[in-house]
Structure formats: structure tokens, C-alpha cells
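If you want the building blocks of each chain, they are given just below.
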Amino acid sequence: MANSNILEKPYLKWLTLFITSGTLLCCALPILLVTLGFGALVASLNFNLPGLFFLAEHKIWTLTLAAFILLILAGVIWRPNQHCPAEADLAALCKKSKQLNKKIFWLSAMIWFIGFFTSYLLLPMRNLLDL
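Residues numbered from 1 in each chain as written. Predicted model: local features only at pLDDT ≥ 70, side-chain atom pairs only at ≥ 80, totals over all residues. Heavy atoms only, no water.

**As for the nonpolar core**
The condition is simple: Here, the term nonpolar core denotes a set of buried Ala, Val, Leu, Ile, Met, Phe, Trp, Tyr and Cys residues that are joined through side-chain atoms within 4.5 Å. Summary of the burial criterion: residues with accessible area below 20% of their type's maximum are buried, those above 50% are exposed, and those between are partly exposed, where the area comes from a 1.4 Å probe applied to protein chains only. Here a strand is any run of E in DSSP of at least two residues, a helix any run of H or I of at least four, and the numbering for each starts at the N terminus. Any two residues having at least one pair of non-hydrogen atoms within 4.5 Å are treated as being in contact.
Residues Ile19, Cys26, Cys27, Leu63, Ala66, Ile69, Leu70, Leu73, Ala74, Ile77, Phe105 and Trp112 constitute the largest nonpolar core, which totals 12 residues. If you list the elements that add at least two residues to this core, you get α2 (11-35), α5 (59-77) and α6 (88-129). The element that contributes the greatest number of residues to this core is α5, accounting for 7 residues. In this view, Cys26 contacts Leu52, Leu55, Ala56, Lys59 and Thr62; residues no more than four positions away in its chain are not counted.

Given below as C-alpha cells:
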């Protein structure tokens, strides 16, 4: 029963969104800026924001942690035997909350996939297609 209370905390979905956004900062944003010709800006950001360089240096851990938290959130959202209250007001609030959780999950998953794609798939694809 204690595990159920931990999984019901509202901060889990926001934590997931925050951590997956870190994958954009470490992986997708620098590649996009360099591609657009803003390499000096990336160098300046890495110098002035040491956390950004740390995330980029440890991107495998960043992406793995984000994927693990996404899996936990997916388990919370789609676990079986979830019931909304019978009272009309509470049932409407429960359904609205579930839809918000799903939207945040899919946004987080999309952010994670963009970070993963730019970190590990973009360069091999460019090399394969000779771009």
C-alpha cells in the first residue's frame, strides 16, 4: 500500500518532463545550433553553464535515467485496476487528471526520442546517406 502512495504523487509527471528536457539540453540543442552555424554559441554555453557540459559528457546516463523514469510513469498511467470515484465531480476530475498525465507522458517521450535520435542515430544516418 505504501508503494501505491508513492506512485500517486503528482510530482512524478513533472519530474519526468524535467529530466527528459535535460536530454534536449545535452544532446539535441548543441547539435542543432552547430548545424545552423552557431558553434561559438555552443562553446560559450558550455563555458558559462558547466552543467550543460556535464550532461553532454554523460549523455548515456542522462538518457538511461530519463528512459527509466518514463517507464515508471508509463506503469503508473496504464497500470490495471485503476478506478475513478463514483461521485460525478470527482470522476470528472479523475478523468481530466488521467488525460493530463497521458499528454505529459507523450510530450516527455517525444522529447526523449529527439534527444536519443540526435545523440545516437543522426550521425550514422548522415554517414550512411552521404549527407
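**Thoughts on a nonpolar patch on the surface**
What counts, and what does not: Patches here are clusters of residues that have more than 30% relative accessible area and form no salt bridge, with a 9 Å joining cutoff for like charges and a 5 Å cutoff for nonpolar side chains (Val, Leu, Ile, Met, Phe, Trp, Tyr). Working definition of accessibility: Shrake-Rupley area with a 1.4 Å probe, residue cover restricted to the visible protein chains. Basic side-chain nitrogens of Lys or Arg form a salt bridge, by our definition, when they fall within 4 Å of a carboxyl oxygen of Asp or Glu.
A surface patch of nonpolar side chains, about 540 Å² in accessible area, is lined by Leu25, Leu29, Leu32, Leu36, Phe38 and Leu41. Broken down by element, the residue count for the nonpolar patch peaks at 3 residues, all from α2. Structurally, Leu29 is set in helix α2. Overall, Leu29 belongs to the partly exposed group, its relative accessible area being 31%.

**Quick look at the packing of α5 against α6**
In a pair of packed helices, the angle between the axes and the distance between the axes together describe the arrangement. To be explicit about the condition: Each axis is a line fitted through C-alpha atoms, taken for helices only over the stretch in contact, and angles between the N-to-C directions span 0 to 180 degrees. Each angle gets one of four labels, with under 35 degrees taken as roughly parallel, over 145 as roughly antiparallel, 65 to 115 as roughly perpendicular, and the rest as oblique. Left-handed describes a crossing whose near helix is turned anticlockwise from the far helix through less than a right angle; right-handed describes the clockwise counterpart. Residue type decides the class: Asp, Glu, Lys and Arg count as charged, Ala, Val, Leu, Ile, Met, Phe, Trp, Tyr, Cys and Pro as nonpolar, and the leftover types, Gly among them, as polar.
Between α5 and α6, the least distance of the axes is 10 Å, while the angle of their chain directions is 155°. Classified by the angle between their axes, α5 and α6 sit roughly antiparallel to one another. Where α5 crosses over α6, the handedness of that crossing is left-handed. Along its contact with α5, which presents Lys59, Ile60, Leu63, Ala66, Ala67, Leu70, Leu73, Ala74 and Ile77, the element α6 presents Asn101, Lys102, Phe105, Ser108, Ala109, Trp112, Gly115, Phe116, Ser119 and Tyr120. Grouping the constituent residues of the contact of α5 with α6 by class yields 13 nonpolar, 4 polar and 2 charged.

**Quick word on α5**
Which entries qualify depends on this criterion: A helix is expected to span 1.5 Å multiplied by its residue count minus one. Our arc is simply the arc of the directions from the helix axis toward the C-beta atoms.
Over its 19 residues, α5 runs 26 Å from end to end, which matches the ideal 27 Å to within 8%, given 1.5 Å per residue. Thr62, Leu63, Ala66, Ile69, Leu70, Leu73, Ala74, Val76 and Ile77 are the residues of α5 that are buried. The arc that holds every buried residue of α5, seen down its axis, measures 155°, which confines them to one face. Summarising the geometry of α5, the exposed residues directed more than 90 degrees from the buried face are Ile60, Trp61 and Leu71.

**Observations concerning the state of the cysteines**
Here is the rule: Pairs of cysteine sulfur atoms within 2.5 Å are what we label disulfides.
In the structure shown here, the tally under the stated rule is 1 disulfide. A sulfur-sulfur separation of 2.1 Å characterises the disulfide bridge that pairs Cys84 with Cys94. One disulfide, between Cys84 and Cys94, carries an S-S torsion of -70° and so falls in the left-handed class. Placement of Cys84 in the loop between α5 and α6 and of Cys94 in helix α6 is noted, with a sequence separation of 10 residues between them. Judged by relative accessible area, which is 27%, Cys84 ranks as partly exposed. What makes Cys94 buried here is its relative accessible area of 17%.

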